[in-house]
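Here are the chains, one letter per residue:
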Amino acid sequence: MVHNISNIVIAGAGIMGSSIAQLFAGHGYRVVLYDINDEVLEKSRKLILINQEALAQSGGLSGKNRESIRDNITFSCKKESFERADFVIEAIIEKMEIKHSFWSEISALVPEKAILTSNTSGLSLTEIAKAVRKPERFCGMHWLNPPHICPLVEIINGDKTAPETADIVYDLACDIHRYPVRLKAEVPGFLVNRFQFAVLREAMSLVEAGVAQKEDIDKVFKYGLGLRYACLGPFEIADLGGLDTFYNIASYLFADISDKKDVHEMLEQLYRKGDFGVKTGKGFYDYSGGRDREVIEKRDKDFMKVAKCLYEEE
């Protein structure tokens, strides 16, 4: 344990909260998974079991570890759970007013030395912190889905975050074998989503312009760029490719890459129809007939294979 942190309380027992709870419990931390809904907690129990089974099949989880995970997680609807928290991770709905309501109450319940974090995907940490008592102990801790497999964690300071708070969050992430990155300044979308949406914007622009089909663009990432980016970052790739070459390409290509400021029509149409992707059975692709579960299972298996390779490199 680092910085005398042993009791983790996670608010929100959805996909992210359940996965984070499983991760900490597997590294020996006592975890309370809190939610206001008993039914959500029951679904969380089942999801964690499914995640454990997938990890076990991949060779990434022993029977002993499965027992310790089960023993280290408590499921609760009681707010009193926060009174003994050393570290809090909020993973509730992405609406500022709901986060304000949560933090205004919970930050008064926790011990004064407790470290407080939000898993927001892009909301302003400075704005969220306006509802936090002693905001110097609060910062962003953004996990990638699914957290028990994806090892990256973004650490984002609000205007009032104390440097030692971010240091503790960083050390804790390292202790559970994650790869934390720090943002020196808060920007909308942080790092991951800025890159993710820059790629998606260009991809949709090329499809709408009739340059390529979405299936072929996905292949470019799975069998080309994805292989590179699993091993190297963009600056490393540029160095290896030659900065003279990259400069010459940038001199004509930057002017042609999409800088569209509004949402692309193909995304807006799907949104208006309620086709939200895997969660609704249809998005850019069709996930009906049980394909939704197949896609998620394949994703997790493939992610585990890649993550295993990255860990072995270390």
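Calculation criteria
Residues numbered from 1 in each chain as written. Predicted model: local features only at pLDDT ≥ 70, side-chain atom pairs only at ≥ 80, totals over all residues. Heavy atoms only, no water. UniProt positions renumbered as here; feature names shortened; annotations may be inferred. Helix = DSSP H or I, 4+ residues; strand = E, 2+ residues; numbered from the N terminus. Rg over C-alpha atoms; globule rule 2.2 N^0.38 Å. Contact = heavy atoms within 4.5 Å. Lys, Arg positive; Asp, Glu negative; His and termini not counted. Charge placed at Lys NZ, Arg CZ, Asp CG, Glu CD. Domains from an automatic or database assignment. Buried area = accessible area lost by both parts, 1.4 Å probe. Salt bridge = Lys/Arg side-chain N within 4 Å of Asp/Glu carboxyl O. Polar contact = N/O pair within 3.5 Å; in protein donor to acceptor, adjacent residues only side chain to side chain. Nonpolar A, V, L, I, M, F, W, Y, C, P; charged D, E, K, R; others polar. Pairing = 2+ DSSP bridges. Axes fitted to C-alpha atoms, helices over the stretch in contact; angles between N-to-C directions. Core = buried A, V, L, I, M, F, W, Y, C linked by side-chain atoms within 4.5 Å. Buried < 20%, exposed > 50% of the residue type's maximum accessible area, 1.4 Å probe, protein only. Expected span 1.5 Å × (residues − 1). Phe/Tyr/Trp six-rings, centres within 6.5 Å; stacked < 30°, edge-to-face > 60°.

- The chain appears in an unreviewed UniProt entry as 3-hydroxybutyryl-CoA dehydrogenase from Eisenbergiella massiliensis.
- Of the chain, the UniProt comment under Subunit (unreviewed entry) reads exactly: "Homodimer."

**Let's talk about the overall build of the chain**
- Regarding its fold elements, the chain presents twelve helices and eight strands.
- Over its C-alpha atoms the chain spans a radius of gyration of 21 Å, differing by no more than 12% from the 20 Å that the globule rule assigns to 314 residues.
- For the chain, the share of sequence-separated contacts (at least 6 apart) that also reach a separation of at least 24 residues comes to 66%.
- Measuring between centres, the 40 positive side-chain charges of the chain sit 3 Å from its 47 negative side-chain charges.

**Considering the domain arrangement of the chain**
- For the chain, the domain assignment lists domain 1 (7–183) and domain 2 (198–311).
- Each of domain 1 and domain 2 was reduced to a C-alpha centroid, and the two centroids are 28 Å apart.
- Contact residues are listed per partner, giving eleven residues for domain 1 and seven residues for domain 2.
- Carbon and sulfur atoms make up 63% of the surface buried where domain 1 meets domain 2, a total of about 830 Å² over both sides.
- On the domain 1 side of the contact with domain 2, Pro-146, Ile-149 and Tyr-179 bury the most area, a combined 44% of that side's loss.
- Remark: the boundary between domain 1 and domain 2 carries zero salt bridges.
- The tally of links from domain 1 across to domain 2 stands at zero residue pairs in polar contact (both at pLDDT 80 or more).
- Residues that form the side of domain 1 that touches domain 2 fall into these classes: seven nonpolar, three polar and one charged.

**Considerations on the sheet that holds strand E3 (residues 73–76)**
- Judged by pairing direction, the sheet is mixed, and its eight strands sit side by side in the order E3-E2-E1-E4-E5-E6-E7-E8 without closing on themselves. Taken across any chain shown, the strands that pair with only one partner, and hence form the sheet edges, are E3 and strand E8 (179–183). Strand after strand, the sheet turns through a mean of 25 degrees between neighbouring axes, direction not considered.
- With five bridges joining them, strand E7 (residues 152–157) and E8 adopt parallel strand pairing. Residue pairing for E8: Glu-154 is matched across the bridge by Val-181.
- Of the strands in this sheet, strand E1 (7–11), strand E2 (30–34), E3, strand E4 (87–90) and strand E6 (138–143) are in contact with helix H1 (residues 15–26), which crosses E2 at around 170 degrees.
- Of the strands in this sheet, E1, E4, strand E5 (115–118), E6, E7 and E8 touch helix H6 (residues 163–175), which is tilted by about 160 degrees from E8.

**Comments concerning the nonpolar core**
- Judged by nonpolar contacts, the single largest core of 32 residues is most densely connected at Ile-8, Phe-24, Tyr-29, Val-31, Phe-87, Ile-89 and Trp-143.
- Of all the elements in the fold, those that place two or more residues in this core are E1, H1, E2, helix H2 (38–57), E4, E6, E7 and H6.
- In terms of residue count, H1 provides more of this core than any other element does, six residues in total.
- Grouped together as the second largest cluster of nonpolar side chains are 23 residues, Val-32, Ala-85, Ala-129 and Ile-156 included.

**Examining the pattern of salt bridges**
- Under the counting rule described, the total for this entry stands at 16 salt bridges.
- Two residues, Glu-90 and Lys-99, come together in a salt bridge whose shortest N-O distance is 2.3 Å. In this pair, the class of Glu-90 matches that of Lys-99, namely buried.
- Residues joined by salt bridges that share partners form a network here, namely Glu-90, Glu-94 and Lys-99.

**Topic: helix H4 (residues 96–109)**
- Here H4 is 14 residues long and its end C-alpha atoms lie 20 Å apart, about the 20 Å a rise of 1.5 Å per residue gives.
- Residues of H4 that are buried include every one of Met-96, Lys-99, Phe-102, Trp-103, Ile-106 and Ser-107, and no others.
- In this structure, the buried residues of H4 make contact with E1, E4, E5, helix H5 (125–128) and E6.

**Quick look at the UniProt feature "domain: 3-hydroxyacyl-CoA dehydrogenase C-terminal" (unreviewed entry) in the chain**
- Residues given the UniProt feature "domain: 3-hydroxyacyl-CoA dehydrogenase C-terminal" (unreviewed entry) here are residues 189–287.
- Annotation note: span residues 189–287, helix share 64%, strand share 0%, distance between end C-alpha atoms 28 Å.

**Let's talk about the packing of aromatic side chains**
- Under the defined criterion, the tally for this structure stands at seven aromatic pairs.
- Summarising the aromatic geometry, the rings of Phe-24 and Trp-143 are spaced 5.9 Å apart at their centres and angled 70 degrees between planes, so their arrangement reads as edge-to-face. Of this pair, Phe-24 sits in helix H1 while Trp-143 sits in strand E6, and the two are 119 residues apart along the sequence.
- When the centroid spacing of 5.4 Å and the interplanar angle of 70 degrees are considered together, the rings of Trp-103 and Phe-138 count as edge-to-face. Of this pair, Trp-103 sits in helix H4 while Phe-138 sits in strand E6, placing them 35 residues apart in sequence.
- A relative accessible area of 1% means that Phe-138 is categorised as buried.
- Cluster of aromatic residues (ring-pair linked, three or more members): Tyr-34, Phe-82, Phe-102, Trp-103 and Phe-138.

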